Amino acid sequence: MLDALRRIDKTLLALPAVLGFISCAMISSIDATATDPYSRQVVVQIASFCVGYGLLALAIIVDYKKFFRFDKLFYIAAIGLQCLVFVPGLALEAFGARRWIDLGFISLQPSEFVKVLFVIAYAAYLTRHRDELKTFFGALLAFLYGLPIPAIIAYVDMGTGIVLFVMLFGMLFAAGLRGTFVMQLAIVLIISIPLGFRFLSQYQRDRFTAFLNPEDLSIDAGHQVYQAKVAIGSGGMFGKGYRQGVIKESGLLPVQDSDFIFPVICEEFGFLGGMVVLALYVALIARIWWTIAKATELFGALIAIGFMCMFGFQIFQNVGMSLGLMPVTGITLPFLSAGGSSVVANMIAIGLIMSVHLRDTARGLKYL
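Worth saying up front: this structure is predicted, and the values here are computed from it rather than measured. Positions within a chain are numbered from 1, following the residues in the order the chain's sequence is written. The model is predicted, so local features are restricted to residues of pLDDT at least 70 and side-chain atom pairs to those at 80 or more, both for listing and for counting; the totals for chains, interfaces and linings are taken over all residues. Side-chain descriptors were evaluated using all non-hydrogen atoms of the structure, hydrogens and water having been removed beforehand.

### Quick notes on the overall build of the protein
Here is step 1: Within the protein one finds 16 helices and three strands.
Here is step 2: Residues classed as buried in the protein amount to 51% of the 368 residues present.
Here is step 3: The contact rule is simple, with two residues in contact once any of their heavy atoms fall within 4.5 Å. Restricting the contact set of the protein to residue pairs at least 6 apart, pairs at least 24 apart contribute 73%.
Here is step 4: Accessible surface is estimated by sampling points in the Shrake-Rupley manner with a 1.4 Å probe; for residues, cover comes only from the protein chains shown. With the model as given, the accessible surface of the protein reaches about 16500 Å², and the carbon-plus-sulfur share is 70%. Strands are runs of DSSP state E lasting at least two residues, helices are runs of H or I lasting at least four, and both sets are numbered from the N terminus onward. Exposed residues in this analysis have more than 50% of their type's maximum accessible area, buried residues have under 20%, and partly exposed residues fall in between, with area computed by a 1.4 Å probe over protein chains only.

Structure follows, in structure tokens:
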């Protein structure tokens, strides 16, 4: 028991807590008032981290290899969970997307937990069929097996769907699929984007249009990005100070506690504050990569790779859209953006990575 405690990745355990502290402080800066310094969203965020750390501990205690035999159950559960957003009276719609379900006392975003289920289910499938990936039919079948979950989510939540596609390709490549075949699949998907544009909802079309025409501020998404860049630039090197953000207080920057929390950090703590946040994320990705590098079994390595792709792309996309380098997709910034579902699901992911680190890093450097 003591040996197991010593082998726990303490850096990976501490990083979400540090990011969580920053998250709660910034949400308080955004939502709190003079008479109510602890807004409901701050309380929800703190509670989410507490629940998340409890589930993280459970994920560490349970041997992740036990999940291997239940991969089909996880696959079905992922599809079923996401389909709940189509149930009348249960689904909630906001910002043009149908992402949440109403449980009465709390709203839940199923897609956040679907990402966790998808990683486990797909990692098990790729582990079982690794040798078949060397053939064209086996590779195509592996892609088609993983396709339904990202496709269903992309229909109602474009941003999370893109994240899942990145995870799918990352895991396929890591499982041994030829890089040329991965590129061919990716090119086919990219070419099909114009064909799929007609099936997008109006708000999704507006976001792509705003990205391609950043000077047109009449488009809502373009105005959002403009205000985000103004907030980042106005912070200068050292920022305006905690709770002193002018753009933040003006209300011109939308969804400040979630999608655009990074510009608020930069406005109040400047370039240095933004760099500190990015440095914490680099440390997080580096620790996950170290677990992958030392993994001795493919199943564990693929779980860590799937979550590394998830965290890495979400960070890149969220910060990129704040800088106008990526289209606005509503992807949250891991551990910083407000949202209980996101926090809890991300904590479970970290717990699974730590379970891999604890039980599957004896020989080392097999998957480097």
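That shown, we press on.
### Some details on the nonpolar core
Across soluble globular proteins, nonpolar side chains show a tendency to be buried alongside one another.
Here is step 1: In terms of nonpolar packing, the biggest core is built from 102 residues, with Leu126, Phe307 and Phe311 touching the most fellow members.
Here is step 2: The residues contacting Leu126, other than those within four sequence positions of it, are Leu133, Ala142, Met171, Leu172, Ala175, Leu298 and Leu302. What is meant by a nonpolar core is a set of buried Ala, Val, Leu, Ile, Met, Phe, Trp, Tyr and Cys residues, joined one to another through side-chain atoms within 4.5 Å.

### A word on unusual backbone geometry
Here is step 1: Its identity is not glycine, yet Arg243 carries a phi of approximately 65°, on the positive side.
Here is step 2: Relative to the helices and strands, Arg243 is located in the loop between α12 (220–234) and α13 (246–250).
Here is step 3: Overall, Arg243 belongs to the partly exposed group, its relative accessible area being 35%.
Here is step 4: Non-glycine residue Phe335 carries a positive phi angle of around 70°.
Here is step 5: Using a relative accessible area of 1% as the deciding quantity, one classes Phe335 as buried.

### Some remarks on the packing of helix α14 (residues 261–294) against helix α16 (residues 340–359)
Here is step 1: Axis definition: a line fitted to C-alpha atoms, over the contacting stretch in the case of helices. Angles run 0 to 180 degrees between N-to-C directions. Following both chains from N to C, one finds α14 and α16 inclined at 40°, their axes separated by 9 Å at the closest point. Pair α14 / α16 crosses with left-handed handedness. Contacts between α14 and α16 involve Leu284, Ile288, Thr291 and Lys294 from the former and Ile350, Ile353, Val356 and His357 from the latter.
Here is step 2: When residues are grouped by polarity, Ala, Val, Leu, Ile, Met, Phe, Trp, Tyr, Cys and Pro land in nonpolar, Asp, Glu, Lys and Arg in charged, and all others, Gly among them, in polar. Partitioning the contact of α14 with α16 into residue classes produces five nonpolar, two polar and one charged. By the definition used in this description, the sense in which the near helix is turned from the far one sets the handedness, with an anticlockwise turn below a right angle giving left-handed and a clockwise turn giving right-handed.

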